[in-house]
Amino acid sequence: TESRRERRAPAERMSASDDRRARWMRAAAWAIAVVAIAAALGYAWWSGRARMPAAGAASIAVAPFSAVGASGTDRYFAQGLGIEMQDALARVPGLQVVAVRTAPGRDAGDARAVGKRLGVAHVLEASVRRDGRRVRVNARLSDTRSGIIRWSGRFDREDADVFGLQAEIAGEVVQSLLGVLPGREVTRRLAPTQSVVAYDAYLKGLQHLHGSDGDSGLQRAVTHFQAALAADPGFARAQAGICRAELVRFEYALDADAFGRAEGACRRAARMAPDLREVDLALGEMYRAKGEHGRALPHLTRTLDDPALRPAAYVGLARLQGALGRTSLAREYFERALRLSPNDASIHRDVGYQAYLDGDLTAAIASFRQATTLAPDDERLWSSLGGLHLAAGNGADAARAFERSLAVRPNYPALSNYGSLRYESRDYRHAAELYRHAAELDPSDFRIWGNLGDAQMALQPGAAAARVAYRRAVDLAGRYLDIRGDDAQAFALLGWYRANLGDASGARASLARAEALGTEPGEVAFLGAQTLAILGDDDGASERARRALEASIPRQRIDASPPLRTLMRDATEHTAHAR
């Protein structure tokens, strides 16, 4: 994720005015790479319908199925069977089903602990072994109040009959609950695809979509979903999977092309199966990412019907309400998601990202630390944690996090953030090298080109190379804002780039658009102060610097900005002289 998108306190830059460039050098480029890593017209409380069930006799949690065998490479297949089981049981009238997407952690094997945490009377667990074309499942149903195993069964089938196997296990579970659910039977759900090859590729795609292998994992997810569609062109879930993977890419890198691919996949999925909850989730995320919160709300709300998708739906609703400034409601939705999936690193990441947007760096850092503990091989999480430390002024901690991120695998957010750290130390040449390397890995993010322009301008004011980078940033930022027209910080950054290109009227127009949106007031004021300072509007810059401080932008960031530092110093000296 991320990040609703990669976030950063923007970089201080060289002045666009020739008479000020010599003394105005940017001190830092603040960048936080958060996936996403991001409104409705009314509250989406959902009338209590999606609250945790009370521990009644007709309630069950389906734990993630575990894979057994020498390699464990079929974990994606086992987890996929568990998700299908959740859906099968959710179709039983009167049975409340709670899905748990991630491993139970400290509650593993302790049915009573799971029941207490999730508020359910029963928990279904299973292990899956796949030998060639045969699938073997050992399942057990436990009473969470006594810890007694109420039912267990062993099943052996050809993988071509995997959906029949799921229905059989679900039927056995329901039979064990007779008396609680008198006369109930499992209605065999329609198989998502008739192709085992397509289903297998789809499950691999889900594994990478929800995995911890960063941006490369998103690319692999799309590849597997495309393979699923090649085997079954009508496989709507695979189309929805492509949409979701590309949306993560869009929010992570602000890549306009990724959004175009996501929108196309979502539209195709909606034509294939408009009532499918996976399609609702993808559409809800698409509209939320685009800033069309009113259109996102009904899709995310309907997604709550599916217990397997409920954690993701809660996260989507939390981010939607957070965008409206309804922090208490956003927090409640995040808490519901975490009760269902307490060990899901992506949820802790999103909680931390929301804390960052709310101005609570301490809470944001704590959440990202928890996320890195749960997913230590996700380079994006380490880069984001480093960015938070950088924003908090913890340079040493930031450097360690960036180095850990790059040790996992080379990635452009960590390189860009590390460049910002070097820029803060006025090591402009090293910063430019890091920004340039980041742009080579991923040239689609306009912020990297803006950072590169800053570094090149610091090395040689007025350099042609800096103007080329700023023009690239302006072009990419404009394409992004054509899609996401409510991103105040992006408009403020666009104003900064235009100011550095000498486009005073364009810079002022972009800043005015950012301020009119009314969101992220601290970051917008901080960027606006710098933009107006290099345009020679000292009064406007001073006013926005004051607003930034009132909005809890740290004084150290003001002091680290050469144009603002000079401005504030001159104002102080003027005041002292007047006295």
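What you see is a predicted model; the values in this text were computed from it and never measured.

1. Notes on the pairing of strand E5 (residues 134-143)
- Sheet topology places strand E4 (residues 122-131) next to E5; 10 bridges connect them, and they run antiparallel. Each bridged residue has a counterpart across the sheet, and for Val123 the counterpart in E5 is Ser142.
- Here 9 bridges tie E5 to strand E6 (residues 149-158), and the two strands are oriented antiparallel to one another. Each bridged residue has a counterpart across the sheet, and for Arg134 the counterpart in E6 is Glu158.
- Taking the residues that link successive antiparallel strands as the turn, the E5-E6 hairpin has 5 residues, and the phi of Gly147 there is positive, at about 80°.

2. Overview of the state of the cysteines
- Per the stated rule, a full pass over the model turns up 1 disulfide.
- The partner cysteine of Cys243 in its disulfide is Cys266, sulfur to sulfur 2.0 Å. A torsion of -80° about the S-S bond marks the disulfide between Cys243 and Cys266 as left-handed. Highlighted residues: Cys243 in helix H7 (residues 236-253) and Cys266 in helix H8 (residues 256-272), separated in sequence by 23 residues. Assigned by exposure class, Cys243 and Cys266 land together as buried.

3. Things to note about the pattern of salt bridges
- As enumerated under the stated definition, the model contains 35 salt bridges in all.
- The closest approach of N and O atoms between Arg267 and Glu263, which form a salt bridge, is 3.4 Å. Taken as a pair, Arg267 and Glu263 lie in helix H8 at a separation of 4 residues, close to a single helical turn.
- Residue class for Glu263 comes out partly exposed when judged on its relative accessible area of 23%.
- Notably, a salt bridge pairs Glu292 with Arg295, separated by 3.2 Å at the nearest N-O pair.
- Where salt bridges share partners, they join Glu515, Glu543, Arg544, Arg546, Arg547 and Glu550 into one cluster.

4. As for H8
- With 17 residues, H8 should reach 24 Å at 1.5 Å per residue; the first-to-last C-alpha distance of 25 Å fits that figure.
- When H8 is considered as a whole, its buried residues turn out to be Ala256, Ala258, Phe259, Ala262, Ala265, Cys266 and Ala269.
- Buried residues along H8 sit against H7, helix H9 (277-290) and helix H20 (464-483).
- Two or three places before Asp257, at the opening of H8, Asp255 has a side-chain oxygen 3.0 Å from that residue's backbone nitrogen.

Analysis parameters
- Residues numbered from 1 in each chain as written.
- Predicted model: local features only at pLDDT ≥ 70, side-chain atom pairs only at ≥ 80, totals over all residues.
- Heavy atoms only, no water.
- Pairing = 2+ DSSP bridges.
- Helix = DSSP H or I, 4+ residues; strand = E, 2+ residues; numbered from the N terminus.
- Disulfide = S-S within 2.5 Å.
- Buried < 20%, exposed > 50% of the residue type's maximum accessible area, 1.4 Å probe, protein only.
- Salt bridge = Lys/Arg side-chain N within 4 Å of Asp/Glu carboxyl O.
- Expected span 1.5 Å × (residues − 1).
- Contact = heavy atoms within 4.5 Å.
- Polar contact = N/O pair within 3.5 Å; in protein donor to acceptor, adjacent residues only side chain to side chain.

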